Every structure is written in C-alpha cells, then in structure tokens.
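# Examining the three-dimensional arrangement
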Amino acid sequence: MKVKYILAAIIGLAATAVSAAPRLSVDDIVSVLSGLADYQGRATYSVLLPQAEDPVEYTVDMQSTVASGDPLSPISYLIEWKLNDSEGFSAYFDGHHYRYRNNRLQEYHFDWDSIPFVMGKGGVQLQAQFVDILPQMTGRELSRLVADSTFIYTYAPDTVYNGQKSSIIKGKVMYHGYVSKEVVYVFDPATGMIRCIEMENNPGSISEQSVSIRYSTPATEQFPLESEEDLIALYPDVFERFRENNFKVENLPGILLPTFSSPTSTGERYTYHRGDPLTNPTVILVVDESVGTTNPTLEALREAADKAPVAFDLVIAFRSNNADRAQDIVGSLRPGEHLLLGARGLARDCGVTVTPTIIYVGRDGKVADVTLGYNKALSSVVIQKIALM
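These lines cover the structure that appears in this document, whether it is placed above or below. (Residues numbered from 1 in each chain as written. Predicted model: local features only at pLDDT ≥ 70, side-chain atom pairs only at ≥ 80, totals over all residues. Heavy atoms only, no water.)

## Topic: the sheet that holds strand β9 (residues 178-187)
With antiparallel pairing, 11 strands are arranged side by side in an open sheet as β6-β5-β4-β3-β2-β1-β11-β10-β9-β8-β7. Here the strands that pair on one side only, and so sit at the sheet edges, are β6 (104-109) and β7 (151-161). In this sheet, neighbouring strand axes are inclined to one another by 15° on average, regardless of whether the strands run parallel or antiparallel. As paired elements, β9 and strand β10 (residues 194-201) share 7 bridges and run antiparallel to each other. (Pairing = 2+ DSSP bridges. Helix = DSSP H or I, 4+ residues; strand = E, 2+ residues; numbered from the N terminus. Axes fitted to C-alpha atoms, helices over the stretch in contact; angles between N-to-C directions.)

Here is the structure:
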C-alpha cells in the first residue's frame, strides 16, 4: 500500500512538472528556427493544381549551416530534389551558387559577377528552388510575417495536429482586402522545430494552388560543404558533362531531349516537353542557312527517310528567323517533316556549336546518338543509326 502512495506521489509530481513546463511563444519558435547552426533533414513537397487529380510530389533532402559573416546569405546549403525520374540540386557557400536541373549546370560566382547576388529578393542564392523551406529561412519568413499588418494569424501553443501534440500558427495574408494566401505552420511544442507547412495560394480563384510540406526527423550528420571541390566530389559526372562551359552536344546520348519550343514555318509553334514520348523515332537537324553543306545534308536525310527500315520524323531546325531563306532551302515539306525557325534555344540547350548537327531521338524521348557535320556517306550513316534505334 505504501508503494502505491509513493508511486502516486511521483506521478503527481511528474504531472505537475509537465503542466508547469513553459509554452513556447511565436518569438521563441522564430528564434529556434532562425538560430539553427546546422540542419539536415528531408521534406516531402507536394503541389496540387486546380483540375489536377494527383499532386506533383518532390522529395527534398536538405543540409544547411550558418554562414557567419557572409553578407550574401545567412546560411550555406546543399539541397537535392527528386521528381519521378528527374533530379537536381542547388548549393551555396561563400559567394558561390550552383544549380543543376534538366542536365544543365548553372553556376554563379560573386567574384565574376556580383549582380545576380544582389538582384530581386535576396539574389539567386536565396531564390533557388526549395531554399525557402530550409528551417532557418522559414524562421526569417515567420519573423517577417508576424511583423506585417497584412498577416492575420492565431497561435495555439498546445494543441493536436494529426494525432500529435503540436504548436500551430494559422493565418492568412491579405491583399487589397482579399485573401491572397492561407497558411498553417505546425511545430514540435517541446523543441520549436518545424513539422509541416500547409499553404493555399490564391484560394478560391482559378489559379488556386495547394502546397504541403512535411518534414522528416533531421539526421545527425552534417556534410561539410566548404568548397567547389566538395561539390565536385559529390557530383563528378554532372561537373564533367553538364557544366555550361563544358556542355557539348556529344554529351547528349543517353539522356532525355531537353524541352524546347520554336515557331514553325506555318506560323504555329512546335513544342516538346522533356520526357514526353514520341510517336516515331525523330531526327533533329540543326542547320544554318549560311553554311554550304545545309542543302546536301537535308538531301541525305530525305534519302535516308525513303530507304530506312523504320519510319522517322524529321525536324529541320534553323537557328535564324529568315523564313524566306529557310523555305527556299527546304522546299515543300514532306509527311513527317517540321520546319522550325529561330531555334537558337534548342541549339543552346543541346550544346550545338557547329552546323549541321543531327540528333537522333528514340520514341522514349532519349537521345540515342548524334552526328556532326556532313559527309558523302551520310545517308547510309543515318539509316544505320535509325535501324539501331
């Protein structure tokens, strides 16, 4: 009996201690998030658009470290994301910013050009995709919101969300009397760490967009991203093949054809989205009307189309906008042919530096091979490559 009284007393003291534990204020949560020295974790980032049945869902792995004394950013970071078969990353440290997406690596260096780092809301380093969901940046955004009179919110320091004890900030951003955004922030009530963010952008309008960000428990190890060498060690193939100053059309085989859109000779647009399947194998001929081998190259491809064992579509992409000259060279289009004008973006994104260049694309949208320049056996070369596709 005495033991029961002792246990009851202990339980009572514990309950008193829990109930007496201080509740975190909004300022406390802002301080916790903004003041994180190091963070490593994962988030599931879902976006649901109007009329869509299923959300677009990214998996985002994030690492960040406080960047003391850096006037360009409060943190250094490495963010890796995946969406179905696509993946990429963003990184920033000490005045250097890198973005990899769709087989292209962009880089910015403050010593080379300071303008991108100071333009807009924080520069390229703070506008990269998913930077805003790093806890340190979420803390800064919360600090800004709660000080803004257009943000109307309530705070529940001790409530339940999805079956877990939570602290919740629920609010809406007003714009000219209308609600432009509704947002719910969910935190661990003991630590102040972010668990979840739910947003409705432009609620009730045709452009309404639902965003859900759910964080996993942060890991304990932090990768020390301190130099370009550290980044190259993580992504050697990306730096070797897809760096802008290294990227060439010879790197295309085995990867998906980039997205492109160009006007056609009929006044319409020919648009292809990366990863879309093609009805037929497709040969893209990138040409320049000023190059003397443009005509014989086109003749060789048409001869190959007549003799190839498999039908293929032919996209004739002129880099210039000279429609009259392009039509003089091409003449009447045959079935399966498309004439594009002003295809400089296509040439750039494919790494084309010489013309003519021939790009062979399979039905799955992957580049199978490329041929540079013209030779007298070109028709036979094209037939062989099409047969292999």
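## Section: the packing of aromatic side chains
Remark: the centre distance and the inter-plane angle together describe each pair of aromatic rings, the angle taken between the planes. Here the structure, examined in full by the defined rule, presents 15 aromatic pairs. On the numbers, 6.0 Å between centres and 25° between planes, the contact of F93 with Y98 is stacked. With a relative accessible area of 4%, F93 lands in the buried category. With a centroid separation of 5.8 Å and 75° between ring planes, the pair formed by F110 and F117 is classed as edge-to-face. Residue F110 is classed as partly exposed on the basis of its relative accessible area, which comes to 33%. Taken together, the ring pairs in this structure connect Y45, Y58, W81 and F130 into an aromatic cluster. (Phe/Tyr/Trp six-rings, centres within 6.5 Å; stacked < 30°, edge-to-face > 60°. Buried < 20%, exposed > 50% of the residue type's maximum accessible area, 1.4 Å probe, protein only.)

## Quick notes on the nonpolar core
In this structure, Y45, V60, M62, I133, Y185, I213 and Y215 are the most contacted members of the largest nonpolar core, which totals 44 residues. Sequence-distant contacts of Y215, that is, excluding residues within four places in its chain, are made with Y39, R42, A43, M62, I133, T138, I194, R195, C196 and I197. Ranked by size, the runner-up nonpolar core spans 36 residues in total, among them F239, F247, L257 and V352. (Core = buried A, V, L, I, M, F, W, Y, C linked by side-chain atoms within 4.5 Å. Contact = heavy atoms within 4.5 Å.)

## Digging into helix α9 (residues 323-330)
Here α9 has its buried residues at A326, I329 and V330. The arc that holds every buried residue of α9, seen down its axis, measures 90°, which confines them to one face. Projecting away from the buried face of α9 at angles above 90 degrees are the exposed residues D324 and D328. For α9, the elements touching its buried residues are α8 (294-307), β15 (313-318) and β16 (337-340). A positive phi of about 70° marks G331, the residue just after α9. (Arc of directions from axis to C-beta.)

## Let's talk about the sheet that holds strand β17 (residues 357-361)
As summarised here, the arrangement of the 5 strands in space is β16-β15-β14-β17-β18, forming an open sheet in which the pairing is mixed. Among the strands making up the open sheet, the edge pair consists of β16 and β18 (367-372). On average, each strand axis in the sheet is inclined to that of its neighbour by 15°, with strand direction left out of account. Pairing between strand β14 (residues 282-287) and β17: 5 bridges, direction antiparallel.

## Quick word on the packing of helix α2 (residues 26-34) against helix α5 (residues 135-146)
Where α2 contacts α5, the two axes come as close as 7 Å, and the packing angle between them is 145°. Seen from above, α2 lies across α5 with left-handed handedness. Listed contacts from α5 to V26, V30, L33 and S34 of α2 are P135, Q136, T138, G139, R140, L142, S143 and V146. Among the residues making up the contact of α2 with α5, the classes are represented as 6 nonpolar, 5 polar and 1 charged. (Left-handed = near helix turned anticlockwise from the far one by under 90°. Nonpolar A, V, L, I, M, F, W, Y, C, P; charged D, E, K, R; others polar.)

Spatial relationships are all this shows, so hold off on functional conclusions.
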